[in-house]
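As a plain string of letters, each chain reads:
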Amino acid sequence: MFAQFFGNYLLNKQLVTPEQLITGIQAKNETRLKLGVLAISAGYMSAAQVEEIHERQMLEDKRIGDIAVELGYLTKEQLEELLDTQKVGYLLLGQALVDKGYLTNGQFEAAISDYKHQYQIDETESESFDDEKAEELIRSMCDFSSEDAMMYTKYLVLVMKNLIRFIGDDFTPLKPTRMYPLEIYKDVYQKINGSFTTDTNIVFESADSMLAFANRFSGEGLGATDGEYIDAAVCDFLNINNGLYTVNVSNEINMELRLTPPEVFDDIHDTKGSVMTFPVAYTFGTIYITLSE
Amino acid sequence: MVLSNVTVLICDDSILSRKKMKDFLKVCGVKEIFEAVDGQAAVDEYKDKKPTVVFMDIVMPKKDGIQAVKEIVEFDPEAKIVMASSVGTQSLLKDALKAGAKDFLQKPINDDSILQVLGRIL
């Protein structure tokens, strides 16, 4: 989940535009992690050293890792370790943005170190990113005013996990707002009832983004004319997410919540109270998770 | 497990959830599959078709799955009903078992778990 939050950080710092970020996310899966980026992220080499090696590589037919060891920038052990590093989402994203020329190695170095420092994320944690860290990041993005801030935060963390699990990890959460999205194609709605009550919605701006979402969830290869199945797929996603939420809440704080059957509306199913909209930019379009407060 | 004599009633308000389960059960060779889109339709359909096994969602319009289980069991105390829901809280499971359900599947449902539950219940 770290990669998703890291994308959000890059946007907030205006290091990349939303369009560049989406292009980067799209390219992420085809990106091969370069040793230089890994070395910078691990703190073994500076951006300047990586540049120097790149220049030398143009003159000598040697691999980057070998040159780094030759120059004494890396030990053999460090090189082994870097080569062993598996594909890590946020590094792939950083690499893709550097490859596209949106970020320099230096900007990436500064951003990753600032980001890790700000949220006290160390190298091991970024790979096994835990719920607590995710909750902290969500809280830093939202300004839930009510006493139920913890309930909303847990909800949004679960949504992000389920989006990654069922829809895909090619997204970045955008800055939450207090307004409904301007363009509305459909609103998929379900109420959570009990000692904690909230209206949950997934709002789509276009038929295309809803179809893409439904296809990723269902794996059914639905077409534009399969309206009933498209609606059902999004309802099922929301229902599964909210069902898991009630289970978690019941287990963790012994609170029993109930759900209404999910419904689909052609416009916002307006509810009382204020609204928190949590936009999620996927490569196929932006979806909006909204909660009533 | 021979399923060629087994009839199944799938009660779920989601057309997609019904389709996925139906597709899998067909491959497994069950004799016949019936569907219901809400709790009331589930009760009516059960009385009409007397299926071997029922898969019952909990959160449904008109009548929820637990109330439907109560009414089906009242009609047929031997009914073999499996709850299939995203809401698997202990208290709801307790309610469902008390109402007469025999087993539970947590959504999202994978095909293996359908076979396992059929193995337990038949």
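Because the structure is a prediction, the values reported are computed rather than measured. (Residues numbered from 1 in each chain as written. Chains lettered and ligands numbered in written order. Predicted model: local features only at pLDDT ≥ 70, side-chain atom pairs only at ≥ 80, totals over all residues.)

**Student:** Help me understand the overall build of chain A in this model?
**Tutor:** Summing up its helical and strand segments, chain A has 13 helices and seven strands in all. When the backbone C-alpha atoms are referred to their principal axes, chain A occupies close to 65 × 45 × 30 Å. For chain A, the proportion of its 293 residues judged to be buried stands at 41%. Sequence-distant contacts, at least 24 apart, represent 68% of the contacts inside chain A between residues at least 6 apart. (Helix = DSSP H or I, 4+ residues; strand = E, 2+ residues; numbered from the N terminus. Buried ≥ 20, exposed ≤ 12 C-beta atoms within 10 Å, placed from the backbone. Contact = placed C-beta atoms within 7 Å.)

**Student:** Got a minute to help me understand the nonpolar core in this structure?
**Tutor:** Generally speaking, a soluble globular protein has its nonpolar side chains buried in company with each other. Ranked by internal contacts, the top residues of the largest apolar core, which has 118 residues, are A:Val234, B:Val54 and B:Met56. A total of 10 residues in this core trace back to one element, the largest contributor, which is helix 13 (residues 227-253) of chain A. The residues that make up this core include at least three from each of domain 1 (2-127) and domain 2 (137-292) of chain A. (Core = buried A, V, L, I, M, F, W, Y, C linked by C-beta atoms within 7 Å. Domains from an automatic or database assignment.)

**Student:** Would you explain helix 1 (residues 15-28) of chain B in this entry?
**Tutor:** Along an α-helix, residues three or four positions apart point the same way, because every turn accommodates 3.6 residues. The first and last C-alpha atoms of helix 1 of chain B sit 20 Å apart over 14 residues, in line with the 20 Å expected at 1.5 Å per residue. Considered for burial, the residues of helix 1 of chain B that qualify are B:Leu16, B:Ser17, B:Arg18, B:Lys20, B:Met21 and B:Leu25. On the buried face of helix 1 of chain B, the contacting elements are helix 12 (207-218) and helix 13 of chain A together with strand 1 (7-11), strand 2 (32-36), strand 3 (53-56) and helix 5 (111-121) of chain B. Just downstream of helix 1 of chain B lies B:Gly29, where phi reads positive at about 85 degrees. (Expected span 1.5 Å × (residues − 1).)

**Student:** I tried to follow the environment of A:Ala212 on my own but got confused; where do I start?
**Tutor:** Residue and element names in this part refer to chain A. With respect to the helices and strands, alanine 212 occurs in helix 12. Assessed through the 21 C-beta atoms surrounding it within 10 Å, alanine 212 is described here as buried. Aside from chain neighbours lying at most four places away, what touches alanine 212 is Phe284 and Gly285.

**Student:** I would appreciate a short explanation of the confidence of the model for chain B in the present structure.
**Tutor:** Residue and element names in this part refer to chain B. Averaged over chain B, the pLDDT score is 94; the fraction of residues at 70 or greater is 100%. Of all helices and strands in chain B, the one with the weakest mean pLDDT is helix 4 (residues 90-99) (91), whereas strand 1 scores best (98). Confidence metrics for the complex model read pTM 0.83 and ipTM 0.92. (pLDDT = per-residue confidence, 0-100.)

**Student:** Mind showing me how you'd approach the pairing of strand 1 of chain B here?
**Tutor:** Residues in a regular strand point their side chains to alternate faces of the sheet. Residue and element names in this part refer to chain B. Of all five residues in strand 1, four are buried; the element is thus mostly enclosed. Sheet topology places strand 1 next to strand 2; five bridges connect them, and they run parallel. Of the residues in strand 2, the one forming a bridge with cysteine 11 is alanine 36. In terms of handedness, the path from strand 1 via helix 1 over to strand 2 forms a crossover that is right-handed. Where strand 1 and strand 3 come together, four bridges link them in parallel fashion. Bridging from a neighbouring strand, valine 8 pairs with valine 53 of strand 3. (Pairing = 2+ DSSP bridges. Right-handed = clockwise from strand over helix to strand, strands pointing away.)

**Student:** Could you clarify how one ought to interpret the interface of chain A and chain B in this entry?
**Tutor:** One widely used convention gives an interface's size as the accessible area the parts lose upon coming together. Contacts between the two partners involve 17 residues from chain A, matched on the other side by 17 residues from chain B. Along the lines of polarity and charge, the residues of the side of chain A that touches chain B split into nine nonpolar, five polar and three charged. (Nonpolar A, V, L, I, M, F, W, Y, C, P; charged D, E, K, R; others polar.)

**Student:** Even after reading the chapter, I still don't get unusual backbone geometry, so can you show me in this structure?
**Tutor:** Trans peptide bonds make up most of the peptide bonds, and negative phi angles are found at most residues other than glycine. Cis geometry marks the peptide bond from B:Lys107 to B:Pro108; its omega dihedral reads 0 degrees. Here B:Pro108 is to be found in the loop between strand 5 (103-106) and helix 5. The residue A:Gln14 is not glycine, and still its phi comes out positive at about 55 degrees. Tracing the backbone through its elements, the reader meets A:Gln14 in the loop between helix 1 (2-12) and helix 2 (18-28). For A:Gln14, a count of 7 C-beta atoms within 10 Å gives the class exposed.

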